[in-house]
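Here is what each chain is made of, one letter per residue.
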Amino acid sequence: MITHSIVIPVFNEEEGLQRLFDRVKNLADSIEKSSDEKCEVILVNDGSKDRSTEILDQIHTMDSRFKIVHLSRNFGHQIAITAGTEWAQGQTVTVMDADLQDPPELIHEFIKKWREGFEVIYAVRKTRVGETAFKLFTAKLFYRLVRWITKMDIPNDAGDFRLMDRKVVNAFLSLPERHRYVRGLISWVGFRQVGVFYDRDERLTGQTNYTLKKMIKLAFDGIASFSIFPLRLATGVGFFTSAVAFLGVIYTLFLSATHQTIQGWTSTILVVLFIGGVQLLALGVIGEYLGRMFDEVRQRPLYFVGKAMGFERDERKISPSKVA
Ligand code: UDP
Ligand code: MG
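Residues numbered from 1 in each chain as written. Chains lettered and ligands numbered in written order. Predicted model: local features only at pLDDT ≥ 70, side-chain atom pairs only at ≥ 80, totals over all residues. Heavy atoms only, no water.

Further remarks concern the layout of surface pockets. Over the atoms rolls a probe the size of a water molecule, and its path tells where empty space is left. Here the second largest pocket is characterised by a volume of approximately 550 Å³. Forming the boundary of the second largest pocket are 20 residues, of which Gly248, Tyr251, Thr252, Ser267 and Val271 lie nearest the centre. Mapped onto the lining of the second largest pocket, the elements with two or more residues apiece are helix H9 (229–257) and helix H10 (265–298). Element by element, the count of residues in the lining of the second largest pocket is highest for H9, at nine residues. The residue makeup of the lining of the second largest pocket, split by class, is eleven nonpolar, nine polar and no charged. (1 Å grid on protein atoms, 1.4 Å probe; cavity = no way out; pocket = protein on both sides within 12 Å on 5 of 7 lines; lining within 4 Å. Points joined across faces, edges and corners; volume = space filled by probe spheres on them. Helix = DSSP H or I, 4+ residues; strand = E, 2+ residues; numbered from the N terminus. Nonpolar A, V, L, I, M, F, W, Y, C, P; charged D, E, K, R; others polar.)

Now the structure itself:
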């Protein structure tokens, strides 16, 4: 029997959960009706501080196809997705957001493509309603920048709404890194991938949890996980400033030989400031990569589970879980 898993990360979504439950329940019913296949929904509570925790438990009692993984604290969107994917048992695993910005009904389309033999089906946003101009601009810039720098074929304007075949899920879960840029990892593993276009809806309730800080972190994770471009850039700037410095040395020696040396306070200060800034920047870039290596070397588990509801395999309950 084929099972389809739907993984949904939840962080402070109390207002929207009921509606989410209704929509996803309908979807699961219609998938099960039109075939003899089953659905399971893994809701990952990423350390919510509002009533989401209680509501999720109620959802599980209302419909046991909805299984809940309560993480021990907030680990972030990308880790929550990974956790849900790890706990999912279906032949396909679809990841979607809890705020219904991604229409669950699109999963029918995903499954159709999956039957045609595709192994990753990702949703590409044709339009996005109700987002600020700033978010749209930064998102556009972000996708293109990461793509250009990493030289990876990460699809533009595609988020984390996608269906993965079991083969892809296993490949993805075998990647042990802590700083997880999930869309990059999925595109890195390969397999037959295809996009499905859709119009992204407005967030129904609550507000985005992606603060500017989180977006910048995601962007840097995306770049740093797949390329050492920032390190190369530091090297390039180093070469450039050295070349300028070399010309400066010749010029200075010439001035001093021809006894034209004068006060020169401004130029001295400018040079000191400039070189100091460039050096600190380069050190910072090296430090970022070093910090990432430190995170990897510690080998900490990706997340901990406080409580899991609805899973058959008892041994996984309340055990520290790790990926790979
Ligand atoms: N989310 C999460 N942990 C976080 C932040 C967000 O699990 O630390 C979940 C959130 O509940 C939602 C999804 O990740 O289901 C996407 O978050 P959001 O809608 O805030 O991001 P946006 O759509 O604005 O990019
Ligand atoms: Mg959203």
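On the protein side, the magnesium ion (ligand 2) has Asp99 (OD) and Gln101 (OE1) as donor atoms, found 1.9 Å from it. A relative accessible area of 8% means that Asp99 is categorised as buried. (Donors = N, O, S within 2.8 Å, 3.2 Å for Na, K, Ca; no water. Buried < 20%, exposed > 50% of the residue type's maximum accessible area, 1.4 Å probe, protein only.)

Of all eight residues in helix H7 (residues 182–189), seven are buried; the element is thus mostly enclosed. Within the span of H7, buried status applies to Val182, Arg183, Gly184, Leu185, Ile186, Ser187 and Val189. Where H7 ends, the next residue or the one after it, Gly190, has phi of about 90 degrees, a positive value.

A separate point is the pairing of strand S3 (residues 66–71). Across a regular strand the side chains alternate sides, sitting on one face of the sheet and then on the other. A large share of S3 lies buried, amounting to six of its six residues. Side chains of S3 alternate between two faces, with Phe66, Ile68 and His70 and Lys67, Val69 and Leu71 buried alike. Chirality of the crossover, the property in question, places the unit of strand S2 (residues 38–45), helix H2 (residues 52–62) and S3 among those that are right-handed. (Right-handed = clockwise from strand over helix to strand, strands pointing away.)

So, about the side chain of His179. Inspection of the secondary structure puts His179 in the loop between helix H6 (166–173) and H7. In this structure the side chain of His179 is engaged in a polar contact, spanning 2.7 Å, whose partner is the side chain of Asp295. Those residues within four positions of His179 in sequence are excluded, and the remaining contacts are Lys217, Asp221, Ser225, Arg292, Asp295 and Glu296. (Polar contact = N/O pair within 3.5 Å; in protein donor to acceptor, adjacent residues only side chain to side chain. Contact = heavy atoms within 4.5 Å.)

What follows covers the nonpolar core. Side chains of nonpolar character tend, in soluble globular proteins, to be buried together. Among the nonpolar cores identified, the biggest contains 46 residues, and Ile42, Leu71, Trp87 and Tyr303 are the most heavily contacted of them. Formed by 35 residues, the second largest nonpolar core is a distinct cluster that contains Leu43, Leu100, Ile121 and Val196. (Core = buried A, V, L, I, M, F, W, Y, C linked by side-chain atoms within 4.5 Å.)

As a further point, take the domain arrangement of the protein chain. Each domain of the protein chain was delimited in the assignment, giving domain 1 (2–226 + 301–318) and domain 2 (229–298). Each partner contributes residues to the interface: domain 1 has ten residues there, and domain 2 has seven residues. Both sides together, the interface formed by domain 1 and domain 2 hides about 790 Å², and carbon and sulfur atoms give 63% of it. A per-residue breakdown of the area domain 1 buries against domain 2 is headed by Arg178, His179 and Phe220, which together make up 55% of the total. Note that Glu296 is salt-bridged to Arg178, the shortest N-O span being 4.0 Å. The tally of links from domain 1 across to domain 2 stands at two residue pairs in polar contact (both at pLDDT 80 or more). If you list the elements that add at least two residues to the side of domain 1 that touches domain 2, you get helix H5 (133–150) and helix H8 (212–226). The biggest single contributor to the side of domain 1 that touches domain 2 is H8, with four residues. (Domains from an automatic or database assignment. Buried area = accessible area lost by both parts, 1.4 Å probe. Salt bridge = Lys/Arg side-chain N within 4 Å of Asp/Glu carboxyl O.)

On to the pattern of salt bridges. As enumerated under the stated definition, the model contains 14 salt bridges in all. Of the charged contacts, one joins Arg65 and Glu32 as a salt bridge, the two residues approaching to 3.0 Å between their closest N and O atoms. With Arg65 in the loop between H2 and S3 and Glu32 in helix H1 (residues 17–34), this residue pair connects regions lying 33 residues apart in the sequence. Under the relative-accessibility criterion, Arg65 is labelled buried at 17%. Connected through salt bridges with shared partners, the residues Lys25, Asp29, Glu32, Asp63 and Arg65 form a single ionic network.

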